[in-house]
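Observations on the three-dimensional arrangement
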Amino acid sequence: MGLYLLDYGAGNVQSLANSLTRLGYSFKWISSPADFDDATILIFPGVGAFGSAVDSLQSRGLKDPLKSYIQSGRPFMGICIGMQILFESSTESTNSGLGVIPCPIEEFDCRDKAVPHIGWNSADPVYLSKTGPVDPAHYYFVHSYCAKYNPEKYPAASDWVYSTTQYGQELFISSVHKGNVFGTQFHPEKSGPAGLRLLDTWLRNPEFVAGSMSPRETPVLKPIHNLTKRIIACMDVRANDQGDLVVTKGDQYDVREKADPTTVSTAVITAGQVRNLGKPVALAARYFEQGADELCLLNITSFRQSPLQDQPMLAVVRSAAECIFVPLTIGGGIKDTVDPDGTPRSALEVAGAYFRAGADKVSIGSEAVYTVERLRVTGKGDGTSAIETIAHAYGKQAVVVSIDPRRVYVDPQTYDGPYKKELVLGRTGKEQGKAWWYQCTVSGGREARQVSVVELARGVEVLGAGEILVNSIDRDGTGLGFDLDLLNLVKKNVRIPVVASSGAGSKEHFVEVFRETDVEAGLAAGIFHREEVRIADVKDALRAADINVRLT
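Right, let's walk through the structure included here. (Residues numbered from 1 in each chain as written. Predicted model: local features only at pLDDT ≥ 70, side-chain atom pairs only at ≥ 80, totals over all residues. Heavy atoms only, no water.)

Further remarks concern the packing of helix α11 (residues 366-378) against helix α13 (residues 453-463). Put simply, α11 and α13 touch, their axes get as near as 9 Å, and they point 85 degrees apart. Classified by the interaxial angle, the pair formed by α11 and α13 is roughly perpendicular. Together, Ala368, Val369, Thr371, Val372, Leu375 and Arg376 of α11 and Glu455, Leu456, Gly459, Val460 and Leu463 of α13 make up the contact between the two elements. Here the contact of α11 with α13 is composed, by residue class, of 7 nonpolar, 2 polar and 2 charged. (Axes fitted to C-alpha atoms, helices over the stretch in contact; angles between N-to-C directions. Helix = DSSP H or I, 4+ residues; strand = E, 2+ residues; numbered from the N terminus. Parallel < 35°, antiparallel > 145°, perpendicular 65-115°, else oblique. Contact = heavy atoms within 4.5 Å. Nonpolar A, V, L, I, M, F, W, Y, C, P; charged D, E, K, R; others polar.)

Next comes the structure, spelled out in structure tokens:
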């Protein structure tokens, strides 16, 4: 088997390589146009933006050889952008696709749902097939543009449809198949066991015939889509006092152990040391096996040199990506920096290093606040910020902004400041009669800035962020539950997905946050690390409450 992978130079293609290695397949990379002649099976794991992919293929002289390969009849599989490029065009870009499938790629309608479409959704085959690779499982999607299912307008394209997926009240083509060509909008390499099965099934029989090719049923819209709520395990990674990278967790962002005069001498010895809850790669592997829908590694160590010279953290990302097959987000140091020797390093360069190591998304923190402060003055982005440059190259779905707000209490009767319209009024318990707005912070919550959470959320959406991770300094480490007022405030002011973080102390808190807010995902750290709550317990509780989650 002459299995080749096509890397056009952007996004995380290492995950597919790791998946194939796990399945026992050997492969080579397309490095020049001549390599297409040696390929008997080709996979194009496209990640990122349509225009960037086409530009890169053209600049490397690979676009025409790719089209010739597909026309040769040899097996081809395209993933995400690798599937979209088969179509005529995309409203994301002025570039033309390969034109193999006569239909355009269009942006999702955001009026009834968050865009990008991020998470685990079902792919529903339209043909009966005992040998085809796609089954009605949940697969991982992350995209803002799609091929909308419209057989009346694009009858020739409907002949290519192998499965459809519903998001909100839109049906789109989630996989295509015809002759030697197979493609998926979702990422099998990030879809856990179901995705690994799909890859293995297709590689064993890449020229499968979808039953008799007679329709199983005509795709129709359902009252509600099958997108699941995501459960994310987060690991704060930093160097301890001995220089080893460990997973830690703070109480309201303080990660050092505290002395307890009532305990024995060992507590006195550990007091003041960085709290050590395990090794990052081992914990990541454990959470993958336990059914986490995504994993997040946040490097909270202050870089002594620069992110690109932080080889231990890059090694952690590489090692974690080799053993987990769900999405991985990396945060910490995603900003423009200068190496000790004076070499400038852009945020785009830093993000690219993490993507090549195996990350799927990058998380931007303090840098986002500074960028929105500039946006407030100029009224528009200048195209140079970390958010803008990374979103342009890799797509907005690759950019997460992590925000760290805290409550600022004011007198609701006399406050007449700039955030009057954002005031939250306490309704129960100790908060009844109180009022507050949420102020954003930087540097791990150590410095407050004159930016409200609404200003920041709206600003980063304008700049091109694809997702917002909402932390709460007030709730962090308390186990009192998520800050529902904060989450509802952010969610009603943006059209992109929102992840709830900080405060989870029980499985019931996840049920509460998904019932009381419209957030797409819930994240926890300490309760998972200490095994006070298991991921399976959370999912069981959500299923019992009729909240859709991915089965593992």
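Here the narrative resumes.
What the 3 strands build is an open sheet, ordered β5-β6-β10; its pairing is mixed. Edge positions in the sheet fall to β5 (87-90) and β10 (145-146), since each has one partner strand and no second. Across 2 bridges, strand β6 (residues 101-107) lies against β10 in antiparallel orientation. Directly across from Glu107, in β10, lies its bridge partner Tyr145. (Pairing = 2+ DSSP bridges.)

What follows deals with the pairing of strand β7 (residues 117-122). Judged by how many residues are buried, β7 sits mostly within the fold: 6 of 6 residues are covered. By the bridge criterion, 6 bridges tie β7 to strand β9 (residues 138-143) in an arrangement that is antiparallel. The residue of β9 that forms the bridge with Trp120 is Tyr140. (Buried < 20%, exposed > 50% of the residue type's maximum accessible area, 1.4 Å probe, protein only.)

In this section: the sheet that holds strand β11 (residues 161-167). The strands that make up a sheet pair up through hydrogen bonds in the backbone, lying either parallel or antiparallel. Strand order in this open sheet of 8 strands is β2-β1-β3-β4-β13-β12-β11-β8, and the pairing throughout is mixed. Whereas interior strands pair on both sides, the edge strands pair on one side only; in this sheet they are β2 (28-30) and β8 (124-125). Note that strand β4 (residues 76-80) and strand β13 (residues 181-184) share 4 bridges and pair parallel. Counterpart to Met77 in the pairing with β13 is Phe182.

With that settled, the discussion passes to the environment of Leu295. With respect to the secondary-structure elements, Leu295 resides in strand β16 (residues 294-299). Spatially, the C-alpha atoms of Leu295 and Ala284 are 7.0 Å apart, while their sequence positions differ by 11 residues. In this view, Leu295 contacts Ile232, Ala233, Met235, Ala284, Tyr287, Ile324, Val326, Pro327, Leu328 and Thr329; residues no more than four positions away in its chain are not counted.

The next thing to look at is the packing of helix α14 (residues 484-491) against helix α15 (residues 507-516). The contact between α14 and α15 brings their axes to 10 Å, and the two run at 35 degrees. Here α14 runs over α15; the crossing is right-handed. Contacts from Leu484, Leu487 and Asn488 of α14 reach α15 at Glu512, Val513 and Glu516. (Left-handed = near helix turned anticlockwise from the far one by under 90°.)

Okay, the packing of aromatic side chains next. Summed over the entire model, instances satisfying the criterion amount to 18 aromatic pairs. Between Phe108 and Phe172, the aromatic rings sit 5.4 Å apart at their centres with planes inclined by 80 degrees, giving edge-to-face as the arrangement. Highlighted residues: Phe108 in the loop between β6 and β7 and Phe172 in strand β12 (residues 170-178), separated in sequence by 64 residues. A single burial state applies to Phe108 and to Phe172, both of which are buried. The interplanar angle of 70 degrees and the centroid separation of 5.5 Å between the aromatic rings of Phe141 and Phe186 together place this pair among those described as edge-to-face. Taken as a pair, Phe141 in strand β9 and Phe186 in the loop between β13 and α6 (192-204) lie far apart in primary sequence, 45 residues in all. (Phe/Tyr/Trp six-rings, centres within 6.5 Å; stacked < 30°, edge-to-face > 60°.)

In this structure the tally under the stated criterion is 27 salt bridges. Asp124 is the partner of Lys222 in a salt bridge, and the nearest nitrogen-oxygen pair spans 3.9 Å. Of this pair, Lys222 sits in the loop between α6 and β14 (230-239) while Asp124 sits in strand β8, and the two are 98 residues apart along the sequence. Residue classification places Lys222 among the partly exposed positions, given a relative accessible area of 37%. Each of Asp112, Lys113, Lys148 and Glu170 takes part in salt bridges that share partners, so that together they form one network. (Salt bridge = Lys/Arg side-chain N within 4 Å of Asp/Glu carboxyl O.)

By the element assignment, Arg550 lies in the segment after α17 (535-544). Judged by relative accessible area, Arg550 falls into the buried class, the value being 5%. At a separation of 3.3 Å, a polar atom in the side chain of Arg550 contacts the main-chain carbonyl oxygen of Gly291. Looking at Arg550, its side chain comes within polar contact range of the main-chain oxygen of Ala292, at 3.1 Å. Among residues more than four places away in sequence, those in contact with Arg550 are Trp120, His138, Thr228, Gly291, Ala292, Asp293, Val326, Lys539 and Arg543. (Polar contact = N/O pair within 3.5 Å; in protein donor to acceptor, adjacent residues only side chain to side chain.)

Let us look at α14. Residues spaced three or four apart along an α-helix point in a common direction, a consequence of the helix completing one turn every 3.6 residues. Counted residue by residue, α14 has 6 buried out of 8 residues, so it is predominantly covered. Listing the buried residues of α14 in full gives Leu484, Leu486, Leu487, Leu489, Val490 and Lys491. The backbone nitrogen of Asp485 lies 3.3 Å from a side-chain oxygen of the residue at the head of α14, namely Asp483.

Grouped together as the largest cluster of nonpolar side chains are 98 residues, with contacts concentrated most on Leu295, Tyr354, Ile390, Phe510 and Phe528. Here the element with the most residues in this core is helix α10 (residues 347-357); it accounts for 7 residues. The residues contacting Ile390, other than those within four sequence positions of it, are Ile334, Ala347, Leu348, Ala351, Phe355, Val362, Ile364, Gly395 and Val399. (Core = buried A, V, L, I, M, F, W, Y, C linked by side-chain atoms within 4.5 Å.)

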